[in-house]
Amino acid sequence: MSTPIHRTSTRQSAAVLTSAQQRREGHRTGSSSARSTEHALLALQSRAGNRATTAAVQRARDTARDPAQDTERDSAAENGGASAGAKKNYRDRIAALLDRFKKNLEPIDTFIKGFQTPTNAAFTQQAAVSANEGLKHSAAASGTSAASGNLLTEAAGTVVSGMDAYKNMKDAKKHETGANHHTAKKKAKTKGADTVVGAANSGSYSAAIAKEVTKVQKAADAAVASEASGIASASIGAIKGMRSAFRVGGAARKYKEVKNLGDPHVVHAGSLARLNESREQAGWAAAEAYVALDAYWAHDGPERLELVSEAIDAAWEAMGEARDAAETLQHAERDVEKLSTVQGYAKKKQLTKMGKETVSGGGESTKAAAGIVTAVAAGTVGLASNPVGWGLAGAGAGLVLGVTMYKALRAATKRYEEVHHPERWAPKGETPEEAASRKESLKHALKFWKKVSKGERQAMAREIYALAAGPDISGSGSTTAEMRESARSLLIALKSGPAKHKLEPDAWVETLNDPAKTGDWIQEIAEQLASG
């Protein structure tokens, strides 16, 4: 299905470039050297985009078939229930193929949005000012290639988001309450919004293609197409900008709620002081028991052995109480440090999200302004010859590109640490996997289609759950009631409280103390740490 699209795009781009080249040869005068350089750059952009997109399709196709999935499908067919299992497996394979296809296209899409599109806008403006028809047609051909690449990536992402939204809606209905329900419901809303925005963005790219094609063909309605494309671009930019603003607001509210919990060192200063007092009293009681034991050893009389035996028992019990009190204090102090660390991490994640969404939203808003300028210029002076539109488009693309590059670099760093330092974020009690070499770690870091599964966020989620869970959960039995209550308040601040899970407080607490729900809770907390 994807191959004919690429072949058609390649033939059209080649035909357009050939036609443009013939026109340039017919009008070659004066500064032909500078113009040929511009044309060569635009032609190179178009060809590179087409070849890269074709390669991405082939990579996705080559890696789509997973032998393990084939084995599971064959096994399901042999063991009965093959119809439902095969249908689900088929749907999952399609979703995996499209997701892999989209992620292979994302680097190309980033190049187009960050470099090719602003460059095309600059050349289009220059061609309009200088009335250079050859340059105008070359820029239009390159623009057609760029918009086609954007449309292909956006369309694939829209389908994947739609399938994810449908799957999570079913999961939310399946799990009527609890962490699984909330996680699925939140993903369904997010992916549903992604689907709507993606569909609108696909329409915007379609309008951009129509605009560039009318320029190539010197159609009479080229100005109308340019105006429509500008309006579509402005609309989608405004929608994305508003969405970023809502995300910033959500992250700000979550940051404020976590901050209002207070510094754990201050909040738990009183409880730590009481535990320290209990430790000191237990220590004095143990010392008094040993003094009494010494006194009984020096006692003369027939009841001496009996008194000594009782004193030994009392001293042993007092020492045990002193040891338990000291361990309780040490455990509480460690828990305070853990709670302080996870609260700081939660606030940092929200601040980071606010920063990224602010910059990204600013970029989209700037691109929306560029679309408005394009539409106005097309309707007044003809085909967006106003340099303001080009400048705004470049500025907006630069902001969005900066955020994209930051996210990509951060993700690559986390993938590198995941395999090169597996002991850093490994769960307690588990033997870390063998560390990969630097070369293998770098290869893993470049696998941009893979998500980090054993990173800092997952480790912090485990820490929060261990503090909030009940005594039936391994490693949580020694947590004090005050500390457990603070950790549960943190869960509520992270939007993982009883109301979000559609549970009464007592039932919500029971799920925290259920070992069978440990994995669901850790996944839920990790998701809430990353979202606003």
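Residues numbered from 1 in each chain as written. Predicted model: local features only at pLDDT ≥ 70, side-chain atom pairs only at ≥ 80, totals over all residues. Heavy atoms only, no water.

What follows covers the side chain of Ser-360. Assignment of secondary structure puts Ser-360 in helix H10 (residues 304–380). Discounting residues that sit within four places of it in the chain, Ser-360 has contacts with Ser-244, Val-400 and Val-403. (Helix = DSSP H or I, 4+ residues; strand = E, 2+ residues; numbered from the N terminus. Contact = heavy atoms within 4.5 Å.)

Geometry of an aromatic ring pair is reported as the spacing of the ring centres plus the angle between the planes. Enumeration according to the criterion identifies 1 aromatic pair in this entry. Relative to Trp-521, the ring of Trp-508 has its centre 6.1 Å away and its plane inclined at 70 degrees; by these criteria the two rings are edge-to-face. Of the two residues, Trp-508 is situated in helix H15 (residues 505–512) and Trp-521 in helix H16 (residues 518–530); the sequence distance between them amounts to 13 residues. The buried category is assigned to Trp-521, whose relative accessible area is 1%. (Phe/Tyr/Trp six-rings, centres within 6.5 Å; stacked < 30°, edge-to-face > 60°. Buried < 20%, exposed > 50% of the residue type's maximum accessible area, 1.4 Å probe, protein only.)

Closest axis-to-axis distance for the helix H14 (residues 481–493)/H15 pair is 13 Å, and the angle between their directions is 105 degrees. With respect to H15, the axis of H14 lies roughly perpendicular. Residues Arg-488, Leu-491 and Ile-492 of H14 form the contact with H15, whose participating residues are Trp-508, Val-509 and Leu-512. Broken down by class, the residue content of the contact of H14 with H15 amounts to 5 nonpolar, no polar and 1 charged. (Axes fitted to C-alpha atoms, helices over the stretch in contact; angles between N-to-C directions. Parallel < 35°, antiparallel > 145°, perpendicular 65-115°, else oblique. Nonpolar A, V, L, I, M, F, W, Y, C, P; charged D, E, K, R; others polar.)

Below, the discussion takes up a negative patch on the surface. On the surface, Glu-303, Glu-306, Glu-310, Asp-313, Glu-317, Glu-321, Asp-324 and Glu-327 cluster together to form a negatively charged patch. Within the element layout of this structure, Asp-324 appears in helix H10. (Patch = residues over 30% accessible without salt bridge, like charges linked within 9 Å, V, L, I, M, F, W, Y side chains within 5 Å. Areas by Shrake-Rupley, 256 points an atom, 1.4 Å probe, with all protein chains shown as cover. Salt bridge = Lys/Arg side-chain N within 4 Å of Asp/Glu carboxyl O. Lys, Arg positive; Asp, Glu negative; His and termini not counted. Charge placed at Lys NZ, Arg CZ, Asp CG, Glu CD.)

With that out of the way, let us pick up the environment of Ala-147. Within the element layout of this structure, Ala-147 appears in helix H5 (residues 133–174). Separated by 58 residues in the primary sequence, Ala-147 and Tyr-205 place their C-alpha atoms 5.6 Å from one another. Apart from residues lying up to four places away in sequence, Ala-147 is in contact with Tyr-205, Ala-208 and Ile-209.

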